[in-house]
Amino acid sequence: MATYKVPNGPKDYPCWQKLQWLTRQDGYLQDCFHKYGDVFTLKVGPDFASYVFIGSPQMVQELFAAGPQQVDSGVEATNNPFLLGEKSLVSLSGKRHRQQRKLLTPCLHEKNVKVYSQTIRELAESMARGWTIDQPIPIYQSLQAIFLDLGNEILLGSKDSQRSQKLRDLLLEIMNPKRPVLRAMSFYLPFLQWGPVNIWANLLREKQQIDDILYAEIREHRENPDPSQIDILSVMIASRYDTGEPMTDLELRDEVITLMAQSPEVAGTSLARAFYWILYYPQVYEKLLQELDSLGDNPDPQEIMKLPYLDAVYKEFMRIYPTAVLTFPRLVKKTLQLGDYQFEPGTIILPSIHAIHHREDIYPQAKEFKPERFLGRDFAPYEYFPFGGGHRRCIGTMLAQLEMKLVLATILSRWHLALDSSMPKPSYKGALLPSANKIRIVMKGKRTPSQVSSKTPDRSFSGVN
Ligand code: HEM
């Protein structure tokens, strides 16, 4: 009979493990990978349940290959996402998840999202036109705002209506809480929901206002169907499950908010960090500008998407600081063997994207920002997976890539930029608390193609933790 290894892990009190998890998640995980190797257990789940963390490519490959009958995500594996709701794709599992994913995937297919290329370029231009020369620009906040405008247009088909502005403001408030740590903790420690600071009451009020707007949009879309509309809500209303049933209002609400919340949070964080890296290294900045300039003044967005150096820079910033440090938790439903370990039903497993993206055996000098490592080379889907993998892989990958590359290309090629000198080097604080919100850039003026300056000396590549 085969003998399997048992994952190691800290012996500290579960309360201490949970506190570390809540207050310094990424640093804690990095410490544990360093100390215990590719597989370890922490008691950080609800009621201090054990979670198994994995940083072994072989185990991730086997996990992603396992079907939903054997291992799945959704509310069974984690908490009900507060804002997204129980009918969100993120919350579902099994058959319901499969059906919903089948319905949503075509809406976010490459050929359907490509039609938004020009809108993305226009929004990026109008954002940058609002910046003042030589003033520090909080790039993350600017990106959040344009990604929300974009979400309003792509998902609801609404541009500048009062309602879409209100929705944007409410989501910005929810995404940028004044006391982020306290608010994150109030989800896990219910007594904080009744404390004197009203964090919870404010959150509930904002969520209610968001729901009122979304249900009004759904009602109007249903009452005035317009076959020429290509917004995703119209497409979802017209779609049918295999049973012939349409989506309910609750399902529509939960999916719209799920899709709308992703770009501003995750793509906004990734892209703010991308500006940091590119402007920090003059040799990367200049090489990118040369490539962009080679397309002339008004390039076709699809030509931009194919640029090899832009693609390598994009892949490298998604590697070095993956905004999602972990994939969604996976709940084992049938006994599962991964490498030398066997996991029983009920076990929660979390693959670490960050740990694998920082393995020296896959990425030599992994802590250095080196786009060249992606030129002419592809990595396997269990070596490089900023969007997760298997049957839960991110369905917004194509949209996120389009948004990030086009916003970056548009702004870099039209304006001279620099990092604000007072800006601290970004440090890792995780997806919920992006240190990206501290990144400041400065606009130096307008530029036209072929104005690459070669005065600045190369900066040597330096690592991150
Ligand atoms: C930089 C941008 C983004 C990153 C890094 C990212 C990353 C991820 C990751 C890691 C997962 C979990 C996958 C897994 O557990 O295997 C995920 C799931 C998901 N993402 Fe994204 N995402 C991004 C943008 C988007 C966008 C723009 C949308 C929609 C418009 C989106 C919609 C979703 C949905 C609906 C899921 C759940 C999929 C499922 O459960 O079947 N994401 N994303």
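Residues numbered from 1 in each chain as written. Predicted model: local features only at pLDDT ≥ 70, side-chain atom pairs only at ≥ 80, totals over all residues.

(A) How the structure looks around helix α12 (residues 249–280). Between its first and last C-alpha, α12 extends 47 Å over 32 residues, near the 46 Å set by a 1.5 Å rise per residue. Of all the bends found along α12, the most pronounced is centred on glycine 268 and spans about 35°. With respect to burial, α12 is a largely interior element, 28 of its 32 residues being buried. (Helix = DSSP H or I, 4+ residues; strand = E, 2+ residues; numbered from the N terminus. Expected span 1.5 Å × (residues − 1). Bend = angle between axes of the 7 residues up to and from the residue. Buried ≥ 20, exposed ≤ 12 C-beta atoms within 10 Å, placed from the backbone.)

(B) Seen up close, the environment of leucine 326. Within the element layout of this structure, leucine 326 appears in the loop between α15 (308–320) and β5 (330–332). Leucine 326 gets classed as buried once you count the C-beta atoms within 10 Å, which come to 21. Separated by 29 residues in sequence, leucine 326 and alanine 355 have C-alpha atoms that sit 8.9 Å apart. For leucine 326, the contacting residues outside a window of four places in its chain are Leu350, Pro351, Ser352 and Ile353. (Contact = placed C-beta atoms within 7 Å.)

(C) Expanded view of the pairing of strand β2 (residues 51–54). Burial of β2 is two-sided: the residues Tyr51 and Phe53 facing one way and the residues Val52 and Ile54 facing the other way are all buried. Sheet analysis places β2 next to strand β8 (residues 348–351), joined by 4 bridges and oriented parallel. Counted as the bridge partner of valine 52 is isoleucine 349 from β8. (Pairing = 2+ DSSP bridges.)

(D) A look at the site of the ligand. The local shell around the ligand holds 27 residues, among which Thr327, Phe328, Gly388, Cys394 and Gly396 are the closest. Counting only elements with at least two residues in the shell around the ligand, the list comes to α12 and α17 (397–414). For the shell around the ligand, the element with the most residues is α12, which contributes 7 residues. Taken together, the residues of the shell around the ligand break down into 13 nonpolar, 11 polar and 3 charged. (Near = placed C-beta within 6 Å. Nonpolar A, V, L, I, M, F, W, Y, C, P; charged D, E, K, R; others polar.)

(E) Representation of the pairing of β8 in the model. Here β8 shows a buried face lined by Ile348 and Leu350 and a second buried face lined by Ile349 and Pro351. Where β5 meets β8, 2 bridges bridge the pair, whose relative direction is antiparallel. When the sheet's bridge partners are listed, leucine 331 is paired in β8 with isoleucine 348.

(F) Region of interest: the sheet that holds strand β10 (residues 440–446). Taking strand neighbours across the sheet as the criterion, the 3 strands line up as β4-β10-β9 in an open arrangement whose pairing is antiparallel. Only two strands of the sheet have a single neighbouring strand rather than two, namely β4 (136–138) and β9 (415–419). Within this sheet the neighbouring strands show an average axis-to-axis angle of 45°, counted without direction. Across 3 bridges, β4 lies against β10 in antiparallel orientation. Its bridge partner lying in β10, proline 138 is registered against arginine 440. Of the strands in this sheet, β4 and β10 are in contact with helix α7 (residues 139–156), which crosses β4 at around 50°. Sitting on the sheet, α12 touches β9 and β10, and the angle it makes with β9 is about 90°. (Axes fitted to C-alpha atoms, helices over the stretch in contact; angles between N-to-C directions.)

(G) Spatial organisation of the environment of cysteine 32. If you trace the backbone, cysteine 32 turns up in helix α2 (residues 25–36). Along the backbone, cysteine 32 and glycine 9 are 23 residues apart, and their C-alpha atoms lie at a distance of 7.6 Å. Contact partners of cysteine 32, with chain neighbours within four places excluded, come to Pro10, Phe40, Leu42 and Phe53.

(H) Summary view of the confidence of the model for the protein. For the protein, mean pLDDT is 88; residues scoring 70 or higher make up 89% of the total. Model confidence for the protein, summarised as mean pLDDT per element, is weakest for helix α9 (residues 180–188) at 67 and strongest for helix α3 (residues 57–65) at 98. (pLDDT = per-residue confidence, 0-100.)

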